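# What the coordinates show
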Amino acid sequence: VSCRVTAEVAKPSGRHTDGHLFFNVELSPMASPAYEPGRPPPLAVELCRMLERSIREARALDLESLCIVSGEKVWSLRIDVHVLNHCGGLATCCSLAAIAALVHFRRPDVSVVGDEVTIHSAEDRDPVPLNVYFWPICVSVGFFPEDLFVVDPSWQEERVMLGQMTVAMNDYREICMMSSSGAVPLTAQKISHCVSMSLLKVEEMTEVLKRALALDAAKRSGDGSITAEVCVASDSILTTAVPMREVAVTDGQSSSAGWTCRTYSPSLRVRGMASKVGLGWML
């Protein structure tokens, strides 16, 4: 999935000091041939609601820190999650991408003098990070016959499973959201077992996310900017050329009458790890 965060100034709704946080999950035909452009499928609506419950309603982000002028101007954040390939486990992928994008995002700094509000560019003042209290990560557990549990089932397993439970937790061992689907009766023992398995995966994925963000911060620690050399790694899918080399070409009549030209040899390599693009994250 690919996730992108954008910010704009808007009027508050509800509490006068709370900013806005909106989510959008898009499932296009690129993710799977089963989806069509236009109206979002039920799975996209379910994933969007899951992100709202686990991040916004669980108060993982401090919405009061998005206030510029109480009752007049606040920051409105929009998180767009685009599913590039539906291979299963979308709940985990979408939550990881959304949290990584929020932690990585920097909003412009704002100064208020009287009734005048000034939004400073990145050249004038350093952008301000968001106040994220904790990182809720969703883990899905699929239910199969004979009391078989599968963590993060693939799309093939999702088609034949009896039901599933999605648990959103953070590294403080707090449950932020729970949801279930299917016709499987859930006992207290099953729920406790799902929570225990989800906690192990959440702790593991939180450490992976921390290392990825620390690596990104180390790359930016020089002059505060990202160069093309950092954005496009040597093993990226965008790297399609190797250094120039001389090639001897003859006219086909005489081997001694030849000439040389400079050419590029394309070399396409696909990266197998998570890559970052701009202010969004791709997992």
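Heads up: the structure comes first, above all this text.
Residues numbered from 1 in each chain as written. Predicted model: local features only at pLDDT ≥ 70, side-chain atom pairs only at ≥ 80, totals over all residues. Heavy atoms only, no water.

So, on to the overall build of the protein. Looking only at helices and strands, one finds 5 helices and 16 strands in the protein. Counting all 283 residues of the protein, 37% fall into the buried class. The long-range fraction of contacts in the protein, counting pairs at least 24 apart against all pairs at least 6 apart in sequence, stands at 67%. Of the roughly 16,300 Å² of accessible surface on the protein, 54% is carried by carbon and sulfur atoms. (Helix = DSSP H or I, 4+ residues; strand = E, 2+ residues; numbered from the N terminus. Buried < 20%, exposed > 50% of the residue type's maximum accessible area, 1.4 Å probe, protein only. Contact = heavy atoms within 4.5 Å. Areas by Shrake-Rupley, 256 points an atom, 1.4 Å probe, with all protein chains shown as cover.)

Following both chains from N to C, one finds helix H1 (residues 42-56) and helix H2 (residues 90-104) inclined at 50°, their axes separated by 10 Å at the closest point. Of the possible angle classes, the one that applies to H1 and H2 is oblique. Of the two elements, H1 crosses H2, and the hand of that crossing is right-handed. Every residue of H2 that contacts H1 at Leu43, Leu47, Met50, Leu51 and Ile55 is listed here: Leu90, Ala91, Cys94, Ser95, Ala98, Ile99 and Leu102. (Axes fitted to C-alpha atoms, helices over the stretch in contact; angles between N-to-C directions. Parallel < 35°, antiparallel > 145°, perpendicular 65-115°, else oblique. Left-handed = near helix turned anticlockwise from the far one by under 90°.)

Bringing the sheet that holds strand S9 (residues 137-144) into the picture now. Reading across the sheet, the 4 strands line up as S10-S9-S11-S12 and stay open at both edges, with antiparallel pairing between neighbours. Among the strands making up the open sheet, the edge pair consists of strand S10 (148-151) and strand S12 (175-182). Direction aside, neighbouring strands of the sheet carry axes that sit 20° apart on average. Packing against the sheet, H1 makes contact with S9, strand S11 (163-169) and S12, and its axis sits at approximately 155° to S12. In the packing of H2 onto the sheet, contacts are made with S9 and S11, and the angle to S9 comes to roughly 180°. (Pairing = 2+ DSSP bridges.)

So, about the environment of Leu96. Counting through the fold element by element, Leu96 comes out in helix H2. With relative accessibility at 15%, the residue Leu96 sits in the buried group. Taking C-alpha positions, Leu96 is 9.5 Å from Val1, a pair spaced 95 residues apart along the chain.

Its 15 residues place the ends of H2 21 Å apart at the C-alpha level, agreeing with the 21 Å of an ideal helix rising 1.5 Å per residue. Within H2, 13 of the 15 residues are buried, leaving the element largely enclosed by the surrounding structure. (Expected span 1.5 Å × (residues − 1).)

Now for the packing of H2 against helix H4 (residues 188-220). Between two packed helices, the angle of one axis relative to the other and the distance separating the axes together describe the packing. One can describe the packing of H2 onto H4 by two numbers: an axis separation of 11 Å at closest approach and a directional angle of 35°. As for the relative orientation of H2 and H4, their crossing is right-handed in sense. Judged by residue contacts, Thr92, Leu96, Ile99, Ala100, Val103 and His104 of H2 engage Met205, Leu209, Leu213, Asp216 and Arg220 from H4. In the contact of H2 with H4, the residues fall into 7 nonpolar, 2 polar and 2 charged. (Nonpolar A, V, L, I, M, F, W, Y, C, P; charged D, E, K, R; others polar.)

Per the stated rule, a full pass over the model turns up 11 salt bridges. With a closest N to O distance of 2.7 Å, Glu57 and Arg49 form a salt bridge. Among the residues examined, Glu57 registers a relative accessible area of 45% and is labelled partly exposed. Taking the relative accessible area as the measure of exposure, Arg49 reaches 38% and is therefore partly exposed. Among the ionic pairs, Arg78 bridges to Asp80, the shortest N-O distance being 2.9 Å. Assessed through its relative accessible area of 39%, Arg78 is described here as partly exposed. A single salt-bridge network, built from bridges that share partners, covers Arg15, Asp18, Arg59 and Glu64. (Salt bridge = Lys/Arg side-chain N within 4 Å of Asp/Glu carboxyl O.)

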